[in-house]
Amino acid sequence: MEKVYIKQILEEPKIDSDIVVRGWVRTKRQSKNVTFINISDGTTIHTIQAVVEADTVSEEILSKINTGACIEVYGKLIASQGNQKVEVKVEKINVLGEADPEKYPIQPKKHSFEFLREKAHLRPRTNTFGAIFRIRHALSFAIHNYFNDHGFFYLHTPIITGSDAEGAGEMFKVTTLDLKNPPKTENGEIDFKEDFFGKETNLTVSGQLEGELGALALSKIYTFGPTFRAENSNTSRHLAEFWMIEPEMAFYDLVDNMDLAEDFIKYLVKYALENCADDLWFLDARFSDEEKQKPMAERSEMGLIDKLKFVTENDFQRLTYTEAVEILKNAKKKFQFPVDWGTDLQSEHERFLVEKHFKKPVILTHYPKEIKAFYMKEAEDGKTVKAMDVLFPGIGEIIGGSQREDDYEKLKNRAAQVGIEEESIWWYLETRQFGSCPHAGFGLGFERLVLFVTGMGNIRDVIPFPRAPKSADF
RNA sequence: GCUUCCUUAGCUCAGCAGGUUAGAGCAACUGACUGUUAAUCAGUAGGUCCCUGGUUCGAGCCCAGGAGGGAGCGCCA
């Protein structure tokens, strides 16, 4: 028999029908003649209220119904006399799983996110995390929807990679060698020929290079999978394991790339607004409460939902790195770090451009080639590359992308300049020898998107089980 | 990796100038209550003051080292 969940019961209430509700107890309110139990099954932010008249359920069972317990309620769906439209008039309750109220850590009160991070196994049962993970799902789904509708193919790039040339950061080693007693070469170095793959392997830091191989065959591809960085990054915007979306498109130049990035993000935010209204409403209220705690100067001028609508309704500001440097040099604000053409912009500079100067998402292009990756297409001026960074308020860089260098000689020279051995990326270089073409792509940090859409402050709270330096529980 | 702040009851936090038996709110428990909305009211119980060492007649408070956490920076997505 098909099970019915709370979301469906509340959306299409069949008054006077017999129903079974299963879920976890949020609160129980008891008085002499009647007991009220609020139940959540996580299918929606809303709970359903079960009403137990005196003597319908034994004291023994009632005493086991505490916050956190899992119960199965048989009864009739009736119109409610209280604040909600409908409620369940209880006939029978089975306790499926008890939760000792002396020990169950999630109480019907506000908890700090720091505390809940230590209870990552139970935090999905809270309103906030339920909402976040439902939105996370919706956004994932929307990503596949968007690309499928636009003729992209989902390409599965490897998680274990034999290449260490992606240049995106420190990598986690993958090995089956005995770490206490590894085989050694004559020089005394570890002999990776003896390792599982017969060479040194790592967890991927980016699917881009393999993604390009796909684009140069299928025209438009995207990847969406986990990515690993062993950087010792201790911030609220970095994870050691995160999910990245990386589209790569043949015959796209930098402008096409920007157009796609902007349209894509707007679609995703709009999808959340249209499909996660209840959860966003809840998070909007949470966001406002949070903002009220902050000093006036730091408060967001807009509510969460207003912020999201603003992004969908306004064009992103596009400008070159050189133009940005000019704006920053002429700004009245004193920066901690000086602005100079040729050095990378600091967080404070990016924040100024996005949050103070333009007050909307910004796409910066044409960075000096020295501060960008080897695979980016050199611009006509010979000094900059056709790179683009999409900067978001409160998040910073949410997308990094570029038109890719499609000229074999130039690409080979750039790789050599930054010390990448030709043999390690021979397969990548070969695509420029055989049927090369202009192409472009970008990487979108999924958790950074979820951070923006949910209005949360720390990236560790938008992934169910965060991986960060010194932190890999659960 | 760097800078800075924090660690006291299950949770959120207070605590003086270094001075006896360490406090509050919420949660829990017991009871009361004719339908509650994180119910209300009354009561009960709950502590390795993060760890180790030091200074002192005396340390939750001062000093040193360590562990864990937050915020910011760098690296990036």
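Look a little higher up for the structure.
Position labels on residues start from 1 in each chain and follow its written sequence. Note on labels: chains are lettered from A, ligands numbered from 1, in written order. Local features in this predicted model are restricted to residues of pLDDT 70 or higher, and side-chain atom pairs are both shown and tallied only at a pLDDT of 80 or more, whereas totals for entire chains, interfaces and linings draw on every residue. Working from all heavy atoms in the structure, the side-chain values ignore hydrogens and water.

K.L.:
I'd like to hear about the environment of Lys-119, residue by residue, with values.
P.N.:
Under the DSSP-based scheme used, a helix requires at least four consecutive residues in state H or I and a strand at least two consecutive residues in state E, with every element numbered from the N terminus. Here Lys-119 lies in the loop between α3 (113-117) and α4 (127-149). Burial classes follow relative accessibility: with a 1.4 Å probe on protein chains only, a residue under 20% of its type's maximum area counts as buried, one over 50% as exposed, and anything between as partly exposed. Here Lys-119 falls in the partly exposed class, since its relative accessible area comes to 22%. In this structure, the C-alpha to C-alpha distance between Lys-119 and Pro-105, residues 14 residues apart in sequence, is 8.0 Å. With sequence-adjacent residues up to four places away left out, Lys-119 is seen in contact with Pro-105, Ile-106 and Phe-474. Between two residues, a contact is recorded if the distance between any of their heavy atoms is within 4.5 Å.

K.L.:
I'd like a rundown of the protein's contact with RNA strand B, residues and numbers included.
P.N.:
The local shell around RNA strand B holds 53 residues, among which Arg-29, Lys-109, Arg-229, His-238 and Arg-448 are the closest. Nearness here has a simple test: a residue counts as near a molecule or strand if at least one of its heavy atoms is within 4 Å of that partner. When the atoms of RNA strand B within 4 Å of the protein are grouped by moiety, sugar and phosphate amount to 50% of the total. One of the side-chain N or O atoms of Gln-81 is found 3.1 Å from a base oxygen in RNA strand B. Under this definition, polar contacts are N or O atom pairs within 3.5 Å; protein pairs additionally need one hydrogen-donor-capable and one acceptor-capable atom, and for neighbouring residues in sequence, both atoms have to be side-chain atoms. Here Lys-110 contributes a backbone N or O atom positioned 3.4 Å from a base nitrogen of RNA strand B. For the surface near RNA strand B, the secondary-structure elements that each account for two or more residues are β1 (18-30), β2 (34-40), β3 (48-53), α3, β11 (241-250), α10 (347-358), β15 (396-404) and β16 (439-445). Looking at the surface near RNA strand B residue by residue, the classes come out as ten nonpolar, 26 polar and 17 charged. Polar here means any residue outside two lists: the nonpolar Ala, Val, Leu, Ile, Met, Phe, Trp, Tyr, Cys and Pro, and the charged Asp, Glu, Lys and Arg; Gly therefore counts as polar.

K.L.:
Break down the pairing of β2 for me, citing the residues and quoting the values.
P.N.:
Burial within β2 is extensive, with six of its seven residues counted as buried. Here the rule is simple: two strands pair whenever DSSP picks up at least two bridges between them. In the sheet, β1 pairs with β2 via six bridges, with the strands oriented antiparallel. Bridge assignment links Val-25 to a residue of β2, and that residue is Ile-39. Following β1, the chain reverses through three residues before pairing antiparallel with β2. Where β2 and β3 come together, six bridges link them in antiparallel fashion. Its bridge partner being in β3, Asn-38 is matched across the sheet by Gln-49.

K.L.:
Go over the pattern of salt bridges, please, and point to the residues and values.
P.N.:
Salt bridges are counted wherever a side-chain nitrogen of Lys or Arg sits within 4 Å of a carboxyl oxygen of Asp or Glu. Tallying each qualifying case throughout the model produces 25 salt bridges. Between Glu-248 and Arg-404 there is a salt bridge, and its shortest N-O distance comes to 2.5 Å. Of this pair, Glu-248 sits in strand β11 while Arg-404 sits in strand β15, placing them 156 residues apart in sequence. Glu-405 serves as the salt-bridge partner of Lys-377, at 3.2 Å between the closest nitrogen and oxygen. Here Glu-405 lies in the loop between β15 and α11 (408-417) and Lys-377 lies in the loop between β13 (362-368) and β14 (384-392), a separation of 28 residues in the sequence. Under the relative-accessibility criterion, Glu-405 is labelled buried at 2%. Taken together, the shared-partner salt bridges in this structure form one network comprising Asp-259, Glu-262, Lys-266, Asp-315 and Arg-318.

K.L.:
Which residues make up the packing of α4 against helix α13 (residues 446-454), and what values go with them?
P.N.:
Taken N-terminus to C-terminus, the directions of α4 and α13 make an angle of 125°; their axes are 10 Å apart at the nearest point. Comparing the axis directions of α4 and α13 gives the class oblique. Helix-helix and strand crossings are classified by hand; for α4 and α13 the assignment is right-handed. Seen from α4, the contacting residues are Ile-132, Ile-135, Arg-136, Leu-139, Ser-140 and Ile-143; seen from α13, they are Phe-446, Glu-447, Leu-449, Val-450, Val-453 and Thr-454. Class assignment of the residues belonging to the contact of α4 with α13 gives a composition of eight nonpolar, two polar and two charged. Lines fitted to C-alpha atoms define the axes here, with helix axes fitted over just the stretch in contact, and angles between the N-to-C directions of these axes take values from 0 to 180 degrees. Roughly parallel here means an angle under 35 degrees, roughly antiparallel means over 145, roughly perpendicular means 65 to 115, and every remaining angle is called oblique. In this scheme the handedness of a crossing depends on how the near helix is turned from the far one: anticlockwise by less than a right angle means left-handed, clockwise means right-handed.

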